[in-house]
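Structural characterization, general
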Amino acid sequence: HQSIGVPQPLKMFGTEEQKKKYLPRLAKGELSAFALTEPGVGSDPSKMATTAVLDDDSENYIINGQKLWISNGPVADLLIVMARTNDPKEERPEITAFVVEGDSPGLTTAHRCDFMGLKGLQNGLLNFDNVKVPKENIVEGIGRGLALALRTLNTGRLTLPAACGGAMKQALEMVIEWANERQQWGAPVGHHEAVANRTATLAADLYAVESLTWLTSALADRADTDIRLEAAMAKLFCTEALWRGIDSALQTRGGRGYETADSLKGRGETPMPMERLLRDARINLIIEGTSDIMRLFIAREALDPHLKIAGASATSDKVDFVGAAKFYAKWYPLLWLPRNINFDVNLPWKLSRHLRYVERASRRLARDLFHMIGMHRQGLQKKQQILGRLVDSGAELFAMMAALSRCASPGAPTNAADLADLFCRQARRRVNGMHKAIYCNDDVTAYRTARNVLNGEYAWLDDNIVSTWRTEEKGEK
Ligand SMILES: Cc1cc2nc3c(=O)[nH]c(=O)nc-3n(C[C@H](O)[C@H](O)[C@H](O)COP(=O)(O)OP(=O)(O)OC[C@H]3O[C@@H](n4cnc5c(N)ncnc54)[C@H](O)[C@@H]3O)c2cc1C
């Protein structure tokens with residue numbers, strides 16, 4: 001959280017005075033935290049309840065409320081805190097960001113949170129009880145706090161793909177050791193095709209994850225490129241690839257994958273910490289925007305230009321049919337025309353064909369999006385499964401591009417081409433499957449079933465168990 005805590009927002013939005021005052025402290029090692037989430041709001045922070053009210057002296061704001069799951073929160077020297085500066089009864093929230101000293105009177109840790117993983121993390125539920133903050137500690141200006149938080153996360157979430165790559169390397173190292181050493185049915189388990197396939201997929205996915213990390217980080221370093229879409233796609237793709245990868249590595253370790261490192265050590269075996277890897281990996285699909293929210297965010301960015309062209313908006317049904325027809329009459333046919341693009345990159349044939357596929361599949365994806373807009377109009381925004389397939393396809397194509405361009409870069413190991421080739425073959429199958437499922441799926445049935453499940457119509461389905469968490473009988477309150 002030194003990445004998204006106080007340094008990143010100050011670097012991006014702070015005044016010269018604020019930078020001079022706080023950045024040297026952070027550079028010397030003071031810890032910072034980023035306080036957005038609350039017990040009542042997670043993915044939709046615009047509905048936050050924490051307030052900051054201008055004091056009678058008009059010099060200070062008084063913050064009241066609670067912030068939940070704040071990493072570094074209990075030990076932070078400095079926090080960036082988002083709070084409402086207008087009346088919570090007003091419909092439009094005005095959210096403002098403040099730099100708050102960790103030792104401010106009234107700021108306390110109400111509870112230290114403990115998680116299934118991240119055991120080294122200091123994280124807590126923070127209470128703000130009349131915490132006084134000078135008004136010069138406002139970052140970016142009144143009402144700019146939510147945009148600041150979201151824009152901070154845009155680049156901040158790039159640390160996650162890097163961490164995912166690191167964890168996948170750990171998993172691969174364990175797999176290589178074990179799949180070679182363990183003999184079953186007269187051969188190392190890694191030679192049996194099912195295990196071999198998992199091993200190859202883990203290696204190929206790791207290559208793609210690392211390639212995406214390098215590519216998006218290089219784009220971020222340029223500082224003149226808007227990378228919010230790329231960062232979101234990298235976060236979405238890499239965290240999900242990590243979870244698949246750890247699951248596959250655990251399977252290859254068999255019973256030892258499920259045994260704790262301490263227990264392995266206790267009976268004289270190498271204490272590979274698969275359990276820790278699995279527990280630590282899972283959070284990445286939740287923090288800094290859950291996978292669902294990443295898909296919605298990316299989809300909205302993809303839909304927005306189309307809504308603008310059609311003169312429509314997310315909330316209104318009005319459509320400028322004439323304006324839209326004029327634009328799409330030129331735009332749409334071009335998406336069907338094959339393009340003879342000279343990519344001018346140094347790639348062997350087995351990889352350059354994937355490059356051509358990315359170009360073709362990107363046009364197909366644009367057509368699919370257009371068809372879905374035509375079918376569902378503004379209602380498409382609620383079709384999260386369709387949007388999810390469109391977004392996941394985009395992320396796969398982006399990962400393919402990253403893997404291919406890394407192979408084409410000077411100094412790439414020659415055998416990297418095999419990993420990129422395998423990744424691209426597998427990604428193509430996934431993309432083609434998602435393309436089909438955009439048109440032929442069971443989304444409506446699944447949605448109806450889910451509503452019925454939640455309404456209790458299948459109450460008999462989870463009967464006959466002794467609940468592991470309920471304190472009263474079901475239905476009693
Ligand atoms: C270990 C840990 C560290 C954290 N560190 C910080 C921190 O330092 N600072 C901070 O501010 N926060 C922090 N968080 C909070 C974290 O960012 C939130 O958990 C995350 O934003 C999701 O919010 P939520 O858990 O309330 O889930 P909810 O928003 O309640 O969502 C529950 C489920 O519904 C889905 N969902 C919600 N809305 C939609 C929708 N519109 N469409 C489809 N699906 C939807 C979500 O994807 C999720 O699966 C941390 C959390 C943890 C567990």
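Residues numbered from 1 in each chain as written. Predicted model: local features only at pLDDT ≥ 70, side-chain atom pairs only at ≥ 80, totals over all residues. Heavy atoms only, no water.

**Concerning the site of the ligand**
Under the convention used in this document: Throughout this document, a residue counts as near a molecule or strand when at least one of its heavy atoms sits within 4 Å of that molecule or strand. Pairing of N or O atoms within 3.5 Å defines a polar contact, subject to two protein rules: one partner must be a possible hydrogen donor and the other a possible acceptor, and residues neighboring in sequence count only if both atoms are side-chain atoms. Note on areas: Shrake-Rupley, 1.4 Å probe, and residue coverage restricted to the protein chains presented here. Counting from the N terminus, the helices are the DSSP runs of H or I reaching at least four residues and the strands are the DSSP runs of E reaching at least two. Throughout, the ten residues Ala, Val, Leu, Ile, Met, Phe, Trp, Tyr, Cys and Pro are labelled nonpolar, Asp, Glu, Lys and Arg are labelled charged, and all others, Gly among them, are labelled polar.
Neighbouring the ligand are 20 residues, the closest being F34, T37, S43, T290 and D292. At 2.6 Å, a side-chain N or O of S43 approaches an oxygen atom of the ligand. In the model, an oxygen atom of the ligand is placed 2.6 Å from a nitrogen or oxygen of the D292 side chain. Isolated, the ligand exposes 970 Å² of accessible area, and the fraction of that covered by the protein chains is 68%. Elements with a minimum of two residues in the shell around the ligand: β3 (60-71) and α10 (291-309). Classifying every residue of the shell around the ligand gives 10 nonpolar, eight polar and two charged.

**What about the packing of aromatic side chains?**
Here the distance between the centres and the angle between the planes together describe a pair of aromatic rings. Quick note on the threshold: Ring pairs are drawn from Phe, Tyr and Trp, using the six-membered ring of Trp, whenever the two centres fall within 6.5 Å, and their geometry is named by plane angle: stacked under 30 degrees, edge-to-face over 60, tilted for the rest. Sitting over a ring, as applied to charges here, requires NZ of Lys or CZ of Arg to be within 6 Å of the ring centre and within 35 degrees of the ring normal.
Within this structure, the stated rule accounts for 10 aromatic pairs. For the pair F237 and F423, a centre-to-centre distance of 5.8 Å together with 85° between the ring planes defines the contact as edge-to-face. Taken together, the residues span a long stretch of sequence, with F237 in helix α6 (residues 228-253) and F423 in helix α14 (residues 416-439) at a distance of 186 residues. Clustering of aromatic rings is evident, with ring pairs tying together F327, Y328, W331, Y332, W336 and F370. A cation sits over an aromatic face here: R282 above W243, 5.1 Å from the ring centre. In this structure, R367 packs its charged tip against the face of W336, placed 3.8 Å from the ring centre.

**Section: the side chain of S248**
The test is simple: Residues count as neighbours in contact if any of their non-hydrogen atoms are within 4.5 Å of one another.
With respect to the secondary-structure elements, S248 resides in helix α6. Setting aside residues no more than four positions away along its own chain, S248 makes contact with R198 and L202.

**As for the pairing of strand β1 (residues 32-35)**
Stated formally: Exposure is judged per residue with a 1.4 Å probe applied to protein chains only, and the accessible area is read against the type maximum: over 50% gives exposed, under 20% gives buried, and values in between give partly exposed. Here, strands pair whenever DSSP counts at least two bridges between them.
On β1, burial covers both faces: S32 and F34 on one face and A33 and A35 on the other are all buried. Here β1 runs beside strand β4 (residues 78-84); their pairing, made up of four bridges, is parallel. Along β4, the bridge assignment pairs F34 with I80.

**Examining the packing of helix α5 (residues 193-222) against α14**
Which entries qualify depends on this criterion: Note on geometry: axes are lines fitted to C-alpha atoms, helical ones only across the stretch in contact, with angles between N-to-C directions running from 0 to 180 degrees. Note on terminology: angles under 35 degrees are roughly parallel, angles over 145 are roughly antiparallel, angles of 65 to 115 are roughly perpendicular, and the others are oblique.
Here α5 crosses α14 at 100°, and the two axes come no closer than 8 Å. Judged on the interaxial angle alone, α14 and α5 are roughly perpendicular. Each of N197, A200, T201, A203, A204, D205, Y207 and A208 in α5 lies in contact with α14, whose residues at this interface are A416, L419, A420, L422, F423, Q426 and R430. Split into classes, the residues belonging to the contact of α5 with α14 amount to 10 nonpolar, three polar and two charged.

**Section: the domain arrangement of the protein chain**
Selection criterion: For each domain, the first and last residues come from an automatic or database assignment.
Domains assigned within the protein chain are domain 1 (7-141), domain 2 (157-289) and domain 3 (293-452). Using C-alpha coordinates to define each centre, domain 1 is positioned 33 Å away from domain 2.

**A short note on the nonpolar core**
This is how the line gets drawn: Here the nonpolar core consists of buried residues drawn from Ala, Val, Leu, Ile, Met, Phe, Trp, Tyr and Cys, with membership extended through side-chain atoms lying within 4.5 Å.
Of all hydrophobic cores here, the largest spans 68 residues; its most connected members are F237, L380, L397, M400 and F423. It is helix α13 (residues 384-408) that provides the largest number of residues to this core, a total of 13 residues. For this core, the two domains that each supply at least three residues are domain 2 (157-289) and domain 3 (293-452). Setting aside anything within four residues of it in sequence, one finds F237 in contact with A208, V209, L212, A395, E396, A399 and F423.

**Re a negative patch on the surface**
Stated formally: The patches described consist of residues with a relative accessible area above 30% and no salt bridge, like charges being joined within 9 Å and nonpolar side chains (Val, Leu, Ile, Met, Phe, Trp, Tyr) within 5 Å. The working definition used for a salt bridge is a side-chain nitrogen of Lys or Arg within 4 Å of a carboxyl oxygen of Asp or Glu. Under the convention used here, Asp and Glu are negative, Lys and Arg are positive, and both His and the chain ends fall outside the count. Throughout, a charge is located at the NZ atom of Lys, the CZ atom of Arg, the CG atom of Asp or the CD atom of Glu.
On the surface, a cluster of negative charge is contributed by D56, D57, E59 and E136. Of note, E59 is situated in the loop between β2 (51-54) and β3. Looking at E59, the relative accessible area reads 41%, which means it is partly exposed.

**As for the packing of helix α12 (residues 349-376) against α14**
To keep it simple, the criterion reads: Crossings are classed by handedness, with left-handed meaning an anticlockwise turn of the near helix from the far one by less than a right angle and right-handed meaning a clockwise turn.
With their axes 11 Å apart at the nearest point, α12 and α14 run at an angle of 20° to one another. By the angle between their axes, α12 is roughly parallel relative to α14. Read as a crossing pair, α12 and α14 show a hand that is left-handed. Together, K350, L351, R353, H354, Y357, R360, R364, D368, H371 and M372 of α12 and A417, D418, A420, D421, C424, R425, R428, V431, N432, H435, I438 and Y439 of α14 make up the contact between the two elements. Broken down by class, the residue content of the contact of α12 with α14 amounts to nine nonpolar, four polar and nine charged.

**Quick notes on the environment of E91**
With respect to the element layout, E91 can be found in the loop between β4 and β5 (95-101). Assessed through its relative accessible area of 80%, E91 is described here as exposed. With 44 residues separating them along the chain, E91 and K47 place their C-alpha atoms 9.4 Å apart.

**Some points on the pattern of salt bridges**
Applying the stated criterion across every chain, the model contains 26 salt bridges. A salt bridge links K19 to E16; its shortest N-O distance comes to 3.9 Å. Remark: E16 and K19 occur in helix α2 (residues 16-27); sequence separation between them is three residues, near one turn of the helix. Owing to a relative accessible area of 23%, K19 belongs among the partly exposed residues under this scheme. A residue is classified by how much of its surface remains accessible, and E16, at 47% relative accessible area, is partly exposed. For R144, the salt bridge identified is with E140, shortest N-O distance 3.4 Å. Overall, the relative accessible area of 34% leaves R144 in the partly exposed class. Overlapping salt bridges, with partners in common, bring together D226, R228, R300 and E301 in one network.

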